Amino acid sequence: MGHILVVGGTGMLYDVCRHLCGSVNTVTVIARNKKRLNRLALETKELVGSINPLSLDYADYEQLKDDLKESIFTNGPVELAICWMHTSKAPEAATITAETIHKQNKQTKCKYYQLLSSATADPSHEKRDIFKDFKSLDNIDFRTILLGFVVEGQTSRWLTDKEICSGVIEAIENDTRNSIIGTVEPWNRRP
Ligand SMILES: NC(=O)c1ccc[n+]([C@@H]2O[C@H](COP(=O)([O-])OP(=O)(O)OC[C@H]3O[C@@H](n4cnc5c(N)ncnc54)[C@H](OP(=O)(O)O)[C@@H]3O)[C@@H](O)[C@H]2O)c1
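In this text, all values refer to a predicted model and were calculated from it rather than measured experimentally.

Engineer: Just to check I follow, could you spell out the pairing of strand 4 (residues 78–83) for this structure?
Structural biologist: For a regular strand, the rule is simple: side chains alternate between the two faces of the sheet. Across the six residues that make up strand 4, a large majority, five, are buried. In terms of strand pairing, strand 1 (residues 3–7) meets strand 4 through five bridges, oriented parallel. Of the residues in strand 4, the one forming a bridge with histidine 3 is valine 78. Summarising the sheet, strand 4 and strand 5 (residues 110–116) pair through four bridges and their orientation is parallel. Bridge pairing links leucine 80 to lysine 111 in strand 5. Crossover connection from strand 4 via helix 4 (residues 93–105) to parallel strand 5: handedness right-handed.

Engineer: Even after reading the chapter, I still don't get the site of the ligand, so can you show me in this structure?
Structural biologist: Taken together, 27 residues are adjacent to the ligand, and Gly8, Gly11, Arg32, Asn33 and Trp158 come closest. For the shell around the ligand, the elements supplying multiple residues, two or more each, are strand 2 (26–31) and helix 5 (161–173). Along the lines of polarity and charge, the residues of the shell around the ligand split into 13 nonpolar, ten polar and four charged.

Engineer: Can you help me understand helix 4 in this one?
Structural biologist: Helical periodicity: at 3.6 residues per turn, an α-helix aligns residues three or four positions apart in one direction. In this model helix 4 runs 18 Å from its N-terminal to its C-terminal C-alpha over 13 residues, within 8% of the 18 Å that 1.5 Å per residue would give. By the burial criterion, the buried members of helix 4 are Ala93, Ala94, Thr97, Ala98, Thr100 and Ile101. Along helix 4, the residues classed as buried sweep out an arc of 160° about the axis, all on the same side. Buried residues along helix 4 sit in contact with strand 1, helix 3 (61–75), strand 4, strand 5 and strand 6 (140–147). One or two positions beyond helix 4, positive phi appears at lysine 106, with a value near 55°.

Engineer: Sorry, what's going on with unusual backbone geometry here?
Structural biologist: Comment: phi is negative for the bulk of residues other than glycine, and the bulk of peptide bonds are trans. Of note, the amide linkage connecting glutamate 185 to proline 186 takes the cis form, showing an omega dihedral of -10°. In this structure, proline 186 sits in the segment after strand 9 (178–181). Although it is not a glycine, lysine 106 adopts a positive phi angle of roughly 55°. Note on placement: lysine 106 falls in the loop between helix 4 and strand 5. Accessibility expressed as a C-beta count within 10 Å gives 9 for lysine 106, which makes it exposed. If you check the backbone angles, aspartate 175 has positive phi at about 60° while not being a glycine. With respect to the helices, strands and loops of the structure, aspartate 175 is situated in the loop between helix 5 and strand 9. For aspartate 175, a count of 9 C-beta atoms within 10 Å puts it in the exposed group.

Engineer: Which parts of the structure should I look at to understand the nonpolar core?
Structural biologist: Side chains of nonpolar character tend, in soluble globular proteins, to be buried together. Val6, Leu13, Cys17, Val29, Ala81, Ile82 and Val168 are the most contacted members of the largest nonpolar core, which has 46 residues in total. If we ignore the near neighbours within four places in the chain, the residues touching valine 29 are Val6, Gly9, Thr10, Cys17, Leu37, Leu40, Ile51, Pro53 and Leu54.

Engineer: Is there a simple way to explain the environment of lysine 65 in this structure?
Structural biologist: The topology assignment puts lysine 65 in helix 3. Sequence spacing of lysine 65 and proline 53 is twelve residues, and the spatial spacing of their C-alpha atoms is 15 Å. The contacts of lysine 65, once residues within four sequence positions are left out, are Ile96 and Thr100.

Engineer: Sorry, what's going on with the packing of helix 3 against helix 4 here?
Structural biologist: A pair of packed helices is characterised by two quantities: the angle between their axes and the separation of those axes. In the contact formed by helix 3 and helix 4, the axes pass within 10 Å of each other and the chain directions differ by 30°. It follows from the interaxial angle that helix 3 and helix 4 lie roughly parallel. Viewed along their axes, helix 3 and helix 4 form a crossing whose handedness is right-handed. Where helix 3 approaches helix 4, its residues Tyr61, Leu64, Lys65, Leu68, Lys69 and Ile72 are matched on the opposing element by Ala93, Ile96, Thr97, Thr100, Gln104 and Asn105. Of the residues assigned to the contact of helix 3 with helix 4, the class counts are six nonpolar, four polar and two charged.

Cut-offs applied
Residues numbered from 1 in each chain as written. Predicted model: local features only at pLDDT ≥ 70, side-chain atom pairs only at ≥ 80, totals over all residues. Buried ≥ 20, exposed ≤ 12 C-beta atoms within 10 Å, placed from the backbone. Helix = DSSP H or I, 4+ residues; strand = E, 2+ residues; numbered from the N terminus. Pairing = 2+ DSSP bridges. Right-handed = clockwise from strand over helix to strand, strands pointing away. Near = placed C-beta within 6 Å. Nonpolar A, V, L, I, M, F, W, Y, C, P; charged D, E, K, R; others polar. Expected span 1.5 Å × (residues − 1). Arc of directions from axis to C-beta. Contact = placed C-beta atoms within 7 Å. Core = buried A, V, L, I, M, F, W, Y, C linked by C-beta atoms within 7 Å. Axes fitted to C-alpha atoms, helices over the stretch in contact; angles between N-to-C directions. Parallel < 35°, antiparallel > 145°, perpendicular 65-115°, else oblique. Left-handed = near helix turned anticlockwise from the far one by under 90°.

Put into structure tokens, the structure is as follows:
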């Protein structure tokens, strides 16, 4: 592997970043807080891979585009992307990220994993074609990971960071196109 992008890698995807640094990769991590980015870089220093911290707000689309472009110029095409974005606050961020990789990667393919909140599976919502914006991006291999919940007897709960990271790593290692961590059924058991 070579250059990997993790959007939101200082939060619940922290252990995914650590895992990816276990191999010779440059892992570009997007988040706003510089201190948390630097801590991730420091705490993975002993590993063979390295963190390239990219402090930016993905709702600032111009900065997202420019900084990502520069990062690809420096570190090479992004072969794997794992993106967790709050789309209500930045509805275009995922498309801009994918389009920038598409343009800068040229011939190199990118496995692009978009993490989706459980709300995406709400049966009362009209189904949206989330692949629509990505269809023309021929070097972007778009995949999804749906974050569900856990039903435990009479109760249910949200996923832990550990469960989310294990599920994401499993999806990458098994090369899964669309996966669900936990469950989204029955929907009325959603916490
Ligand atoms: N279905 C489920 O069970 C489920 C689903 C989602 C989350 N959760 C849980 O809920 C907890 C909180 O989740 P969370 O959504 O806050 O995710 P998080 O992964 O804990 O934090 C969000 C990540 O995205 C970055 N980020 C947020 N807004 C950004 C922006 N505008 N620009 C750039 N980077 C940005 C954050 O860094 P900065 O703040 O520094 O920018 C951080 O790295 C997690 O611990 C998780 O386990 C559960």
